[in-house]
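Notes for the structure review
Here's the letter readout for the chains.
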Amino acid sequence: MKLRSVFDASEIKSEFESAGINPNFVIPIWKYVIQNPDCVWDEIPSLPSSAYSLLHSKFKTLTSSLHSLFHSSDGTTSKLLIKLQNGAFVEAVIMRYDTRLGMCGGKPRPGGVRSTLCISSQVGCKMGCTFCATGSMGFKSNLTSGEIVEQLVHASRLADIRNIVFMGMGEPLNNYNAVVEAVRVMLKQPFQLSPKRITISTVGVVHAINKLHNDLPGVSLAVSLHAPVQEIRCQIMPAARAFPLQKLMDALQAFQKNSHQKIFIEYIMLDGVNDQEENAHQLGELLKTFQVVINLIPFNPIGSTSQFKTSTKRSVSSFQKILRETYKIRTTIRKEMGQDISGACGQLVVNQPDNKRTPEPLRDIEDLHL
C-alpha cells in the first residue's frame, strides 16, 4: 500500500480521529520530523502506543527526497530538485535577499538576510503558456498537500524561510484543495508563517479567485496577466480563452473589495509582443482603478529555439515610466535571479544544471512584501 506523507494534514488527522487518537499529537509529530528529518517513528517521544502502529502502517516521515541542489554563480539562488514517491520530479527555488542594503525614506532599511521559497504545486502544467518552460512539459499530476509542504521542509534545512510564493511548476488554483490545505499547515505550528508573507500566483482561474479570500484570508494574490488585452493574452497564454479578461477583472475587483489587499500583477516583457508604449497605456487604463503593484519581468530564454526575445532595457524602462508617471501605479522591475541554473521565472522544467557554489545574500533588491 502506498504510504502517505505525514504532512497530509487532513489524512493524518482523519486517521487519528478514527483510531481514537487525539489529533493534537499531529503538531508535535511534525515538529519532531522537521528537526529530525531522518528519524523513524519509534524515536518520537510521548505518543500513545496506538499512534506508533498507525504511523508505521499508513504514513512516512517524508515521501519525497532532495535529489540534487544547485546554486547560482552569484550565490543568491538555490534550486532544489525534489524526487517524489512516484519517481517524478519537481523543482523549488530559494531566493536570498538582504533588506539592509536598500533604502527606505532616505535611510538604510532595517532587517537582514532572509529567504523566499518559490514552491511548485503540480508536476508540469496544463496552462500551456508559450513563454514558460514548465508549460512545455504538459500536465503530469497534482501534488498532494503533503508533497507541497515537504518542499518547505527540505528548504528549511538550507535556509530560514520567511516568505512563500506559489510561482513554481504548475497552476496553483488548478490544484486548489491541496494548495489551500498546504497553506493552512504553513500558517500553523510548527511553521507559523504569516499569511501576508504567502503569495499565490494564478493565470486567472476565475472561479477559484472568487473563493480564495474566504478560504485563505490575508494571503496575497498575484496574477500572471502578461498582456493588457484579451487578444494578446490568448496568443501567448492559451488558457486565457477560458478566462476572458473582463471576467478576470471582475473577479479581481471582488477579491480586492473583500480583502482590502493590494494585488500583485506579473507582466513578462516580450520584445515586440506586449512591450510597446501603447501596451503600457492599455495596461494603465485597465488597472488604474485597482490597488496593485505591477512587477515587470524580463523574459528568461528557455532554449535556443524560443520564439520570443527579451525586451530591451530601454523598452522596459519606458514601460515602467508610463505606468508610474501617467497612471501613478507602483511598478517594479524584477531582479533576474537564478538564470544560470534555470531557476529564474519561467525556466522551471526538470533538468540538472551543474553549479554548487556556496550562497551569499543578494544586494540591492526591492522587497515588495515590506
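Please refer to the structure placed before this passage.
Residues numbered from 1 in each chain as written. Predicted model: local features only at pLDDT ≥ 70, side-chain atom pairs only at ≥ 80, totals over all residues. Heavy atoms only, no water.

Attention shifts here to the nonpolar core. Grouped together as the largest cluster of nonpolar side chains are 90 residues, with contacts concentrated most on I164, F166, L287 and I294. Counting residues per element, this core draws most heavily on helix α6 (residues 176–187), which supplies eight residues. Split by domain, this core shows at least three residues from each of two domains, domain 1 (10–44) and domain 2 (65–341). Each residue touching F166, except ones within four places of it in the same chain, is listed here: I119, I148, P172, V179, V183, M186, I198, T199, I200 and S201. F131, V203, M237 and L270 belong to the second-largest nonpolar core, a separate cluster that totals 15 residues. (Core = buried A, V, L, I, M, F, W, Y, C linked by side-chain atoms within 4.5 Å. Buried < 20%, exposed > 50% of the residue type's maximum accessible area, 1.4 Å probe, protein only. Helix = DSSP H or I, 4+ residues; strand = E, 2+ residues; numbered from the N terminus. Domains from an automatic or database assignment. Contact = heavy atoms within 4.5 Å.)

Turning our attention to the sheet that holds strand β3 (residues 65–71). Pairing in this open sheet of 10 strands is mixed, and the strands run β3-β4-β5-β8-β11-β12-β13-β14-β15-β16 from one edge to the other. Edge positions in the sheet fall to β3 and β16 (330–333), since each of these pairs with one other strand and no more. With strand direction ignored, the average angle separating the axes of adjacent strands in the sheet is 25°. Looking at chain direction, strand β8 (residues 113–118) and strand β11 (residues 161–166) are connected through four bridges and run parallel. By the bridge assignment for β11, C118 is matched with V165. (Pairing = 2+ DSSP bridges. Axes fitted to C-alpha atoms, helices over the stretch in contact; angles between N-to-C directions.)

Moving on, we get to the pairing of strand β14 (residues 263–269). In terms of burial, β14 is largely enclosed, as seven of its seven residues are buried. Where burial is concerned, the two faces of β14 agree: the one with I263, I265, Y267 and M269 and the one with F264, E266 and I268 are both buried. Across three bridges, the pairing between strand β13 (residues 220–224) and β14 is parallel. In the strand pairing of β14, S224 is matched with E266. As defined by bridge partners, β14 adjoins strand β15 (residues 292–298) across seven bridges and the pair is classed as parallel. Paired with F264 across the bridge in β15 is V293. Crossover handedness for the path β14 to helix α10 (residues 277–287) to β15: right-handed. (Right-handed = clockwise from strand over helix to strand, strands pointing away.)

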